[in-house]
Amino acid sequence: MSKVSPSILSADFVNLERDIRHLQASGADYIHVDVMDGIFVPNITIGIPVVAAIRKITDLPLDVHLMITEPLRYVERFCDAGADILTIHAEADTVENNLEALRHIRAKGVRTGVSVKPATPPEALDPYMDLMDLILVMTVEPGFGGQKFMEDMMPKVRTLRKIIDVRSPGVELEVDGGVNTETARICVDAGANVLVAGSALFKAPDTSRFIREIHALP
Ligand code: DX5
Ligand code: ZN
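To start, this report covers the structure provided alongside it. (Residues numbered from 1 in each chain as written. Chains lettered and ligands numbered in written order. Predicted model: local features only at pLDDT ≥ 70, side-chain atom pairs only at ≥ 80, totals over all residues. Heavy atoms only, no water.)

What follows covers the side chain of Ser26. Looking at where Ser26 falls in the secondary structure, it is placed in the loop between helix H1 (16-25) and strand S2 (31-36). A relative accessible area of 8% means that Ser26 is categorised as buried. A polar contact of 2.7 Å, which involves the side chain of Ser26, links it to the backbone oxygen of His22. Dropping the residues within four chain positions of it, Ser26 is found in contact with Thr207, Ser208 and Ile211. (Helix = DSSP H or I, 4+ residues; strand = E, 2+ residues; numbered from the N terminus. Buried < 20%, exposed > 50% of the residue type's maximum accessible area, 1.4 Å probe, protein only. Polar contact = N/O pair within 3.5 Å; in protein donor to acceptor, adjacent residues only side chain to side chain. Contact = heavy atoms within 4.5 Å.)

Right, let's get into the coordination of the zinc ion (ligand 2). Distances from the zinc ion (ligand 2) to its protein donors, namely His32 (NE2), Asp34 (OD), His65 (ND1) and Asp176 (OD), fall within the range 2.0 to 2.3 Å. Mapped onto the sequence, the residues coordinating the zinc ion (ligand 2) show the spacing H-x1-D-x30-H-x110-D. Of this pair, Asp34 sits in strand S2 while Asp176 sits in strand S7 (residues 172-176), and the two are 142 residues apart along the sequence. On the accessibility criterion, Asp34 (5% relative accessible area) is buried. (Donors = N, O, S within 2.8 Å, 3.2 Å for Na, K, Ca; no water.)

Most of strand S4 (residues 85-89) sits inside the fold, with five of its five residues counted as buried. Alternating positions in S4 separate into two faces, Ile85, Thr87 and His89 on one and Leu86 and Ile88 on the other, with burial throughout. By the bridge criterion, three bridges tie strand S3 (residues 62-67) to S4 in an arrangement that is parallel. Its bridge partner being in S4, His65 is matched across the sheet by Thr87. As paired elements, S4 and strand S5 (residues 111-116) share five bridges and run parallel to each other. By the bridge assignment, Ile85 is partnered in S5 with Arg111. Read from S4 through helix H4 (residues 95-107) to S5, the crossover connection turns out right-handed. (Pairing = 2+ DSSP bridges. Right-handed = clockwise from strand over helix to strand, strands pointing away.)

Below, the discussion takes up unusual backbone geometry. Phi is positive for Glu70, close to 45°, though the residue is something other than glycine. You can see Glu70 is positioned in the loop between S3 and helix H3 (75-81).

Once that is clear, we can look at helix H6 (residues 181-190). Within the span of H6, buried status applies to Thr183, Ala184, Cys187, Val188 and Ala190. Buried positions in H6, seen along its axis, are confined to an arc of 155° and lie on one side of it. Opposite the buried face of H6, by more than 90 degrees, sit the exposed residues Glu182 and Asp189. Packing partners of the buried residues in H6 comprise helix H5 (154-167), S7, strand S8 (194-197) and helix H8 (207-215). The N-cap of H6, judged by a side-chain oxygen 2.8 Å from the amide nitrogen of Glu182 a few residues on, is Asn180. Immediately downstream of H6, the backbone of Gly191 shows phi near 120°, a positive value. (Arc of directions from axis to C-beta.)

We now examine the site of ligand 1. Looking at ligand 1, there are 20 residues lining it, with Asp34, Gly143, Gly146, Asp176 and Ser199 nearest. One of the side-chain nitrogen or oxygen atoms of His32 is found 3.4 Å away from an oxygen atom of ligand 1. In this structure, an oxygen atom belonging to ligand 1 sits 2.8 Å away from a main-chain N or O atom of Gly146. In isolation ligand 1 exposes 380 Å². Once the protein is present, 100% of that is buried. Those elements giving two or more residues to the shell around ligand 1 turn out to be S2, S3 and S8. With three residues, S2 is the largest single contributor of residues to the shell around ligand 1. Here the residues of the shell around ligand 1 sort into eight nonpolar, ten polar and two charged. (Near = heavy atom within 4 Å. Areas by Shrake-Rupley, 256 points an atom, 1.4 Å probe, with all protein chains shown as cover. Nonpolar A, V, L, I, M, F, W, Y, C, P; charged D, E, K, R; others polar.)

This next bit is on the packing of aromatic side chains. Scanning the entire structure with this criterion turns up zero aromatic pairs. Across from the ring centre of Phe40, 5.0 Å away, lies the NZ or CZ of Lys117, which sits over that ring. (Phe/Tyr/Trp six-rings, centres within 6.5 Å; stacked < 30°, edge-to-face > 60°. Lys NZ or Arg CZ within 6 Å of the ring centre and 35° of its normal.)

Below, the structure written as structure tokens:
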């Protein structure tokens with residue numbers, strides 16, 4: 001069964017608790033939290049206090065996506081705030097510092113993720129293979145919700161699925177950006193098992209149905 005990780009970037013921030021409770025009641029598997037610093041990406045969103053606040057109102061795993069430069073500076077604080085999966089970007093620092101960040105996350109008992117932007121090849125993930133619990137393939141340029149799905153990222157998803165199956169079958173393969181019930185099918189066909197969905201999910205007239213349709217994908 002494919003998992004759904006709704007991105008709260010498209011939630012109503014004034015009513016974040018209501019929206020998160022609704023996502024939980026509708027069958028969401030994770031809550032995807034997009035953290036942006038205005039440097040790694042040209043947008044600023046939410047940070048550590050908001051993750052801590054969300055932690056208090058849901059027991060769903062918090063899937064925290066750090067779009068920040070030099071994440072090593074902050075990973076322990078995001079773990080303490082309640083992240084269950086903490087994903088950094090391969091492009092956000094040197095390999096050495098990223099490896100150190102992943103070790104710090106693991107030492108906190110939190111699952112690790114590494115994400116790649118559209119222009120980054122799958123080989124960029126090689127150094128992290130033994131320290132990753134999740135790979136996140138961006139299917140839009142990170143920074144904003146509501147962009148068009150990049151189907152040309154599917155060869156990358158297929159390549160990574162093959163590598164995961166051979167090297168570490170427990171690793172999750174997540175896609176993020178422009179996912180709706182149609183593009184979700186394309187991603188699952190390519191080998192993804194976790195689908196992040198923001199604008200399409202929040203616009204759907206029936207959230208439970210949207211989630212059920214993705215769950216039904218093989
Ligand atoms: C983009 C974020 C995504 C985004 C997804 O930088 O990482 O999680 O919110 O939103 P949609 O589903 O609208 O593309
Ligand atoms: Zn994201």
